[in-house]
Amino acid sequence: MPERNVFSWTAMIVGYGQIGRVGEAAEFFQKMPERDMTAWNVMIAGYARNGQLREAMRLFRDMPERNVVSWTAMVTAYAEGGLVEEAMELFQEMPEKNKFSWTAMISGFAQNRQIDKAVELFEKMPERDLVAWNAMIAAYAQNGQVDEARDLFEKMPERDLVSWNAMIAGYNGHFDETLKLFREMPSAGVKPDAVTFSTVLPAFANLSALQQGKEVHEEILRSGFQSNVFVASALIDMYAKCGSIEDARNLFDSMHEQSVVLWNVIIKGYGMHGYGKEAIQLFEQMEHANIKPDSVTFVGILSACCHAGLVDDGQKYFHRMTRDYGIIPVIEHYCCMVDLLSRAGHLDAVLDFINKMPIKPDTAVWGSLLGACRVYNNIKLGKYVAERLFELDSKNSAHYVLLSNIYATSGKWDDTEMVRKLMTERKVKKTPGRSWIEVDNKVHTFLVGDKSHVQTEKIYEFLEILSGKMKEAGYVPDRNFVLHDVEEEQKEHFLNYHSEKLAIAFGILNTPVGSPVRIVKNLRVCGDCHSATKFISNLVGREIVVRDTNRFHHFKDGQCSCRDYW
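Predicted model, so just to flag it, every value in this text is computed and none were measured.

## Re the overall build of the protein
In terms of helices and strands, the protein carries 30 helices and 6 strands. Its C-alpha atoms give the protein principal-axis dimensions of about 95 × 55 × 55 Å. Going through the 566 residues of the protein one by one, you find that 50% of them count as buried. Partitioning the intrachain contacts of the protein with sequence separation of at least 6 by distance along the chain shows that 60% fall at a separation of at least 24. Each charge class in the protein can be summarised by its mean position, and for the 64 positive and 75 negative side chains these summaries are 3 Å apart.

## Considerations on unusual backbone geometry
Here Asn377, not a glycine, exhibits a phi torsion of approximately 50°, which is positive. Mapped onto the fold, Asn377 is located in the loop between helix H23 (363-375) and helix H24 (379-392). One non-glycine residue, Asp440, lies in positive phi territory at about 50°. Looking at where Asp440 falls in the secondary structure, it is placed in the loop between strand E1 (434-439) and strand E2 (442-447).

## Quick notes on the environment of Tyr376
Inspection of the secondary structure assignment puts Tyr376 in the loop between H23 and H24. The sequence separation of Tyr376 and Arg343 amounts to 33 residues, and the corresponding C-alpha distance is 9.0 Å. Among the polar contacts made by the side chain of Tyr376, one reaches the main-chain amide nitrogen of Gly345 at a distance of 3.3 Å.

## Points about the confidence of the model for the protein
Mean pLDDT over the protein works out to 88, with 93% of the residues at or above the 70 mark. pLDDT under 50 marks residues 483-491. Its contacts with residues more than four places away, or in other chains, come to 16 contacts.

## Examining the pairing of strand E3 (residues 517-521)
Burial within E3 is extensive, with 4 of its 5 residues counted as buried. Summarising the sheet, E1 and E3 pair through 3 bridges and their orientation is antiparallel. Among the inter-strand pairings, Trp436 is bridged to a residue of E3, identified as Val520. Note on the crossover from E3 through helix H30 (residues 527-540) to strand E4 (residues 544-547): the handedness is right-handed.

## Side note on empty space enclosed by the protein
The tally for this structure, following the rule as stated, stands at 2 cavities of 30 Å³ or more. A volume near 70 Å³ is recorded for the largest cavity. Lining the largest cavity are Leu463, Leu466, Ser467, Met470, Tyr475, Asn496, Lys501, Ala532 and Ile536. Among the elements of the structure, helix H27 (456-472) and H30 are those that each provide at least two residues to the lining of the largest cavity. Ranked by the residues each element gives to the lining of the largest cavity, the list is headed by H27, at 4 residues. Class assignment of the residues belonging to the lining of the largest cavity gives a composition of 6 nonpolar, 2 polar and 1 charged. Volume-wise, the second largest cavity comes out at about 30 Å³. Contributing to the lining of the second largest cavity are Glu500, Val525, Cys529, His530, Thr533, Val546, His553 and Phe555. Mapped by element, the contributors of at least two residues to the lining of the second largest cavity are H30 and strand E5 (552-556). Looking at the lining of the second largest cavity element by element, the count peaks at 3 residues for H30. Residues belonging to the lining of the second largest cavity are distributed by class as follows: 4 nonpolar, 3 polar and 1 charged.

## Overview of the side chain of His333
In this fold, His333 is placed in helix H21 (residues 331-343). For His333, a relative accessible area of 0% translates into the label buried. One polar contact links the side chain of His333 to the main-chain carbonyl oxygen of Ser295, over a distance of 2.9 Å. Contacts of His333, omitting those with residues within four sequence positions, involve Ser295, Phe298, Val299, Leu302, Phe318 and Met321.

## Concerning the sheet that holds E4
Strands sit in the order E2-E1-E3-E4-E5-E6 across an open sheet of 6 strands; the sheet is mixed. Since the sheet does not close on itself, it has two edges, and those belong to E2 and strand E6 (559-560), each with one partner. Packing against the sheet, helix H29 (residues 499-510) makes contact with E1, E2, E3 and E4, and its axis sits at approximately 15° to E1.

## What to know about the pairing of E5
Counting buried positions over the 5 residues of E5 gives 4, a clear majority of the element. Bridge count for E4 against E5 is 4 bridges, and the pairing is antiparallel. The residue bridging Val546 from the neighbouring strand is His553, located in E5. With 2 bridges connecting them, E5 and E6 associate as antiparallel partners. Across the sheet, Phe555 pairs through a bridge with Cys560, a residue of E6. Connecting E5 to the next strand, E6, in antiparallel fashion are 2 residues, including Asp557 with a positive phi near 55°.

## Things to note about helix H16 (residues 245-254)
Buried within H16 are the following residues: Ile245, Ala248, Leu251 and Phe252. With its buried residues spanning 125° around the axis, H16 presents them on a single face. Lining the buried residues of H16 we find helix H14 (210-223), helix H15 (229-241), helix H17 (260-272) and helix H18 (276-288).

## Notes on the state of the cysteines
Under the definition given, this model contains 0 disulfides. Note on Cys306: no disulfide assigned, nearest cysteine sulfur contributed by Cys336 at a separation of 6.8 Å. You can call Cys306 buried: its relative accessible area is 1%. This cysteine, Cys336, is not joined by any disulfide, and Cys335 carries the nearest cysteine sulfur, 6.1 Å off. On the basis of relative accessibility, which here comes to 11%, the residue Cys336 falls in the buried class.

Definitions and limits used
- Residues numbered from 1 in each chain as written.
- Predicted model: local features only at pLDDT ≥ 70, side-chain atom pairs only at ≥ 80, totals over all residues.
- Heavy atoms only, no water.
- Helix = DSSP H or I, 4+ residues; strand = E, 2+ residues; numbered from the N terminus.
- Buried < 20%, exposed > 50% of the residue type's maximum accessible area, 1.4 Å probe, protein only.
- Contact = heavy atoms within 4.5 Å.
- Lys, Arg positive; Asp, Glu negative; His and termini not counted.
- Charge placed at Lys NZ, Arg CZ, Asp CG, Glu CD.
- Polar contact = N/O pair within 3.5 Å; in protein donor to acceptor, adjacent residues only side chain to side chain.
- pLDDT = per-residue confidence, 0-100.
- Pairing = 2+ DSSP bridges.
- Right-handed = clockwise from strand over helix to strand, strands pointing away.
- 1 Å grid on protein atoms, 1.4 Å probe; cavity = no way out; pocket = protein on both sides within 12 Å on 5 of 7 lines; lining within 4 Å.
- Points joined across faces, edges and corners; volume = space filled by probe spheres on them.
- Nonpolar A, V, L, I, M, F, W, Y, C, P; charged D, E, K, R; others polar.
- Axes fitted to C-alpha atoms, helices over the stretch in contact; angles between N-to-C directions.
- Arc of directions from axis to C-beta.
- Disulfide = S-S within 2.5 Å.

In structure tokens:
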């Protein structure tokens with residue numbers, strides 16, 4: 001440049017700071033013939049943005065004079081760096097504060113889970129702007145205080161898109177509320193963006209609301225957000241979790257740029273459907289495309305091998321992860337290996353593997369082994385594993401239920417009763433089995449023996465007729481899955497009205513002939529229901545897709561895609 005002024009020097013500092021080349025930004029700052037307050041503030045912000053808080057503070061102390069921007073930059077730097085006490089000291093020292101100073105401090109407390117202090121500061125704030133309101137909503141939501149977040153959301157004098165996104169994200173896990181709030185956006189005159197769509201799509205996925213998810217996909221296409229990698233990955237995941245792996249694959253293949261994020265989602269999708277060999281083919285295509293797999297990729301491929309019983313392949317990829325890509329296994333990878341070996345029945349080898357792990361096994365690791373003890377009815381090992389689980393988490397009902405199931409299957413009713421008493425003493429409540437299905441854009445939920453549905457009489461009558469036809473076709477109820485010490489006839493009655501059978505019956509009665517029936521179970525599908533569904537699929541000529549906590553089962557023509565390996 002023939003002539004440089006303070007603005008051009010400052011522009012160079014900003015540019016280098018924004019791309020993380022803070023050392024070069026500092027060189028420009030040192031060479032400046034004269035510096036105004038903006039240059040000082042920009043350099044402080046550059047250091048802070050790149051985590052160099054000591055250098056930022058040194059510069060802050062050396063400033064010939066400071067304004068509210070300088071102070072706020074340092075408060076923000078400390079708050080975002082997790083040093084909220086230091087940030088608060090600076091905040092209290094400030095000769096004057098603006099709305100950005102207040103909001104930075106509120107956000108700092110919120111991000112560090114000090115909600116009470118964030119609330120106290122918010123209530124003292126002389127003038128609250130949208131950013132401050134949004135920060136508090138996000139604070140409550142991130143801390144799991146959804147009701148408080150919604151109360152604040154309703155009290156806002158005005159809302160912007162960030163407010164809606166923060167509240168929708170806050171309903172994480174409350175899927176019905178997520179969708180309800182999302183549907184209120186148009187009437188409020190707010191258009192969803194990429195963040196909205198990527199946040200709300202998991203709700204459709206978890207509810208297995210395929211038809212509603214497809215409608216949102218159409219809206220995404222109209223809005224032009226499908227090319228966004230986060231929206232695209234959420235869409236692929238939604239289709240996979242709703243049981244339509246074909247739609248997931250079609251969308252993946254249509255993407256012009258296939259980043260590692262998209263490869264990870266589609267590999268995981270094939271894995272959860274039990275298509276292990278197809279997942280391996282995708283992994284190989286990913287390598288041929290020179291896309292470097294990451295830690296998440298290997299969780300996906302190991303999980304796929306696990307669900308498909310590909311023990312040798314799973315072990316191969318576990319070793320390749322470190323050997324070929326330098327990825328150190330974390331607990332998720334070890335959990336996949338435990339699950340892989342457990343499902344294959346190598347229980348002694350699994351225990352040896354766990355004992356040699358360089359990472360302390362968590363509840364997921366021990367839980368995988370306990371599940372295998374249930375499948376292979378290994379009482380001695382099951383008891384040992386359950387004790388390890390109780391030490392780690394004494395409140396998780398699933399562990400007690402699995403141990404109780406192991407005893408019940410062997411007819412050890414005294415031991416079963418002992419486990420139930422232990423649950424009572426520890427105030428542990430069993431998670432009730434639920435199954436649900438989407439029909440005509442509405443999700444219908446069923447419990448075991450449920451008679452609350454408006455079509456109860458019709459559903460029960462249909463199941464009675466179907467039960468007779470199934471027995472004629474060779475179906476024999478497996479009473480081992482009734483975990484109560486009752487008469488055989490009563491056991492069969494219990495089996496007839498498991499939640500998944502009620503949901504399947506409702507789906508057959510209320511969807512077009514020949515169309516797939518897709519249901520979701522919040523627990524592992526029971527062995528008898530698995531056997532019964534094979535018969536049902538053959539008798540009614542329908543594909544029945546069941547998603548449980550572990551995987552998908554595609555029942556068609558009397559067969560299941562899992563080939564009874566689950």
